[in-house]
Amino acid sequence: MSQERRYSFEFFPTKTDAGHEKLMGVARQLASYNPDFFSCTYGAGGSTRDRTLNTVLQLESEVKVPAAPHLSCVGDSKADLRALLAEYQAAGIKRIVALRGDLPSGMGMASGELRYASDLVEFIRQETGDHFHLEVAAYPEMHPQARHFESDLANFAHKVKAGADSAITQYFFNADSYFYFVERAQKLGVDIPVVPGIMPITNYSKLARFSDACGAEIPRWIRKQLEAYADDTASIQAFGEEVITRMCEQLLQGGAPGLHFYTLNQAEPSLAIWNNLKLPR
């Protein structure tokens, strides 16, 4: 996994025009750091399809940074996916983050013609050949719905072999979990770059809620320190910046092929880490 390092930022599509304008401002600020690409999430069951599409097209055409839409298969027909892929191809989009996707509340597993991300990767390859660079998700601490670690690792390897070019991990706060996952994946024949997903720490209550939902473990020492700061936002942010910077140093020194920042549509927390690491611009 010694390919040239790459750095990227992730956004989510906003629900209001004002939020969208703010997002574009953040994107322009981050663009000055010359990231390799921006990615944009896709709501459960494709609920943000149009907003994701519009955001990606604007990032690509106006902000001038390659944009990678998330594309999930839950709740979508092959015809819908085919039409969306054609639209992205026509717009010159070159990268897609291919995911199973979250199930909207009340939606059963049977919804949609493709059940798993590996099915979606195969479908995109069948429809578009090698036009898209395909990113898939990796879970160093196991997907929250997986039965056990071994089956989750096997599913990841299957997804990669279906045609993925690289992977982005769920965020984590323990570098060892990342290195262990990559080592195990390599033993199963995975040879694509696995880029760590990085979540800046800015708000403890939100972070705890996110982490419980997605299966990301907050180490006890971090959790207890954040709890001790209570509503002291400045201390939470300073501590979070130090912790994540140190972890990123470990990851890069250990050979990680880049970093993917979950920005939550904010520039400063990710850029503080970027600047601390003295990453290239």
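The structure under discussion appears in the preceding block.
What counts and what doesn't
Numbering of residues starts from 1 in each chain and follows the order in which that chain's sequence is written. The predicted nature of this model means local features are confined to residues of pLDDT at least 70 and side-chain atom pairs, given and counted, to a pLDDT of 80 or more, with totals for whole chains, interfaces and linings taken over all residues. Working from all heavy atoms in the structure, the side-chain values ignore hydrogens and water. Throughout, a disulfide means two cysteine sulfur atoms within 2.5 Å of one another. For every residue, the accessible area (1.4 Å probe, protein chains only) is compared with the maximum for its type, and the residue is labelled buried under 20%, exposed over 50%, or partly exposed between those bounds. Here an angle of 0 to 180 degrees is reported between the N-to-C directions of two axes, which are lines fitted to C-alpha atoms, with helices fitted over the stretch in contact. A run of H or I in DSSP becomes a helix once it reaches four residues, and a run of E becomes a strand once it reaches two; helices and strands are each numbered from the N terminus. Angular relationships are summarised with four words: roughly parallel below 35 degrees, roughly antiparallel beyond 145, roughly perpendicular across 65 to 115, and oblique for the angles in between. Two helices that cross are described as forming a left-handed crossing if the nearer one is turned anticlockwise from the farther one by less than a right angle, and a right-handed crossing if clockwise. Here, two residues are considered to be in contact whenever any of their heavy atoms come within 4.5 Å of each other. As a working rule, the residues Ala, Val, Leu, Ile, Met, Phe, Trp, Tyr, Cys and Pro are called nonpolar, Asp, Glu, Lys and Arg charged, and the rest polar, with Gly in that last group. Take the buried Ala, Val, Leu, Ile, Met, Phe, Trp, Tyr and Cys residues and link them wherever side-chain atoms come within 4.5 Å; each set so joined is a nonpolar core. Salt bridges are defined as contacts in which a side-chain nitrogen from Lys or Arg sits within 4 Å of a carboxyl oxygen from Asp or Glu.

### Re the state of the cysteines
Between two cysteines, a covalent bond joining their sulfur atoms is known as a disulfide.
Logical step 1: Within this structure, the stated rule accounts for zero disulfides.
Logical step 2: For the unlinked cysteine C73, the closest cysteine sulfur is that of C40, found at 18 Å.
Logical step 3: Residue class for C73 comes out buried when judged on its relative accessible area of 0%.
Logical step 4: Between C214, a cysteine without a disulfide, and C248, which holds the nearest cysteine sulfur, the sulfur-to-sulfur distance is 17 Å.
Logical step 5: Residue classification places C214 among the buried positions, given a relative accessible area of 15%.

### Some remarks on the packing of helix α8 (residues 220-229) against helix α9 (residues 233-253)
Logical step 1: Orientation of α8 relative to α9, taken along the N-to-C sense of each, is 160 degrees, at an axis distance of 9 Å. As summarised for this structure, α8 and α9 are arranged roughly antiparallel, according to the angle between their axes. Every pair of crossing elements has a handedness; the one defined by α8 and α9 is right-handed. Counting all contacts with α8, which are made through W221, I222, Q225, L226 and Y229, the residues of α9 involved are S235, I236, F239 and V243.
Logical step 2: Tallied by class, the residues present in the contact of α8 with α9 amount to seven nonpolar, two polar and no charged.

### Focus on the nonpolar core
Logical step 1: Among the nonpolar cores identified, the biggest contains 88 residues, and F38, I124, F156, I244, L251 and L259 are the most heavily contacted of them.
Logical step 2: Take this core: its biggest share by element is eight residues, from α9.
Logical step 3: Not counting residues up to four positions away in its chain, the partners in contact with I124 are L71, L85, I96, A98, G129, F132 and L134.

### Quick notes on the pattern of salt bridges
Logical step 1: The tally for this structure, following the rule as stated, stands at 10 salt bridges.
Logical step 2: Among the salt bridges present, the one from R28 reaches E62, with a minimum N-O distance of 3.6 Å. In this pair, R28 is assigned in helix α1 (residues 17-31) and E62 in helix α2 (residues 49-63), connecting sequence segments 34 residues apart.
Logical step 3: As a salt-bridge pair, D212 and R223 come within 3.9 Å of each other at their nearest N and O atoms. Of this pair, D212 sits in helix α7 (residues 204-214) while R223 sits in helix α8, and the two are 11 residues apart along the sequence.
Logical step 4: A residue is classified by how much of its surface remains accessible, and R223, at 23% relative accessible area, is partly exposed.
Logical step 5: Look at the salt bridges and you will find they share partners, linking R6, R95 and E135 into a network.

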